[in-house]
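Residues per chain are reported as follows:
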Amino acid sequence: MTAENLDKQTITVNSTISLKGIVKAIFKDNIHVQIGGKVISIPFSDKDISVK
């Protein structure tokens, strides 16, 4: 496979996922959530926030 073929096979994915966890901290540009035994940092903007 050549570099030219790699450029033609680019895949773009735009998807939304739903995770349930415990919010540990909220900062200006990210949120820290505990999912299972791990705390992960998720960056967000105002358009990313959805409250249900």
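Refer to the structure above for everything that follows.
Residues numbered from 1 in each chain as written. Predicted model: local features only at pLDDT ≥ 70, side-chain atom pairs only at ≥ 80, totals over all residues. Heavy atoms only, no water.

Asks: Quick question: what am I supposed to make of the overall build of the chain here?
Replies: Within the chain one finds one helix and three strands. Counting over 52 residues, the chain shows a buried share of 6%. For the chain, restricting intrachain contacts to residue pairs at least 6 apart in sequence, the fraction spanning at least 24 positions comes to 0%. (Helix = DSSP H or I, 4+ residues; strand = E, 2+ residues; numbered from the N terminus. Buried < 20%, exposed > 50% of the residue type's maximum accessible area, 1.4 Å probe, protein only. Contact = heavy atoms within 4.5 Å.)

Asks: I keep staring at the sheet that holds strand 2 (residues 30–35) and nothing clicks. Help me out?
Replies: Strand-to-strand pairing in sheets goes through backbone hydrogen bonds, with the strands running parallel or antiparallel. Reading across from one edge, 1-2-3 is the order of the three strands in this open sheet, with antiparallel pairing throughout. A strand with exactly one partner marks an edge of an open sheet, and here the two such strands are strand 1 (22–26) and strand 3 (38–43). Across the sheet, the mean angle separating the axes of adjacent strands is 25 degrees when strand polarity is ignored. (Pairing = 2+ DSSP bridges. Axes fitted to C-alpha atoms, helices over the stretch in contact; angles between N-to-C directions.)

Asks: How do you make sense of a nonpolar patch on the surface when you look at a structure like this?
Replies: The grouping of Ile17, Leu19, Ile40 and Ile42 at the surface amounts to a nonpolar patch, some 360 Å² of accessible area in total. Take Leu19: it is sitting in the loop between helix 1 (3–8) and strand 1. (Patch = residues over 30% accessible without salt bridge, like charges linked within 9 Å, V, L, I, M, F, W, Y side chains within 5 Å. Areas by Shrake-Rupley, 256 points an atom, 1.4 Å probe, with all protein chains shown as cover. Salt bridge = Lys/Arg side-chain N within 4 Å of Asp/Glu carboxyl O.)

Asks: Quick question: what am I supposed to make of the pairing of strand 3 here?
Replies: Regular strands show a simple pattern: their side chains alternate between the two faces of the sheet. In terms of strand pairing, strand 2 meets strand 3 through six bridges, oriented antiparallel. Across the sheet, residue Gln34 finds its bridge partner in strand 3, namely Val39. In this antiparallel pair of consecutive strands, strand 2 and strand 3, the connection spans two residues, and Gly36 shows a positive phi of 65 degrees.

Asks: Is there a simple way to think about the environment of Val33 in this case?
Replies: Mapped onto the secondary structure, Val33 falls in strand 2. You can call Val33 buried: its relative accessible area is 10%. As for Val33 and Leu19, which are separated by 14 residues in sequence, their C-alpha atoms are 9.5 Å apart. In contact with Val33, other than residues within four places in its own chain, are Gly21, Ile22, Val23, Lys24, Lys38, Val39, Ile40 and Ile42.

That's the geometry; what it means functionally is another story.
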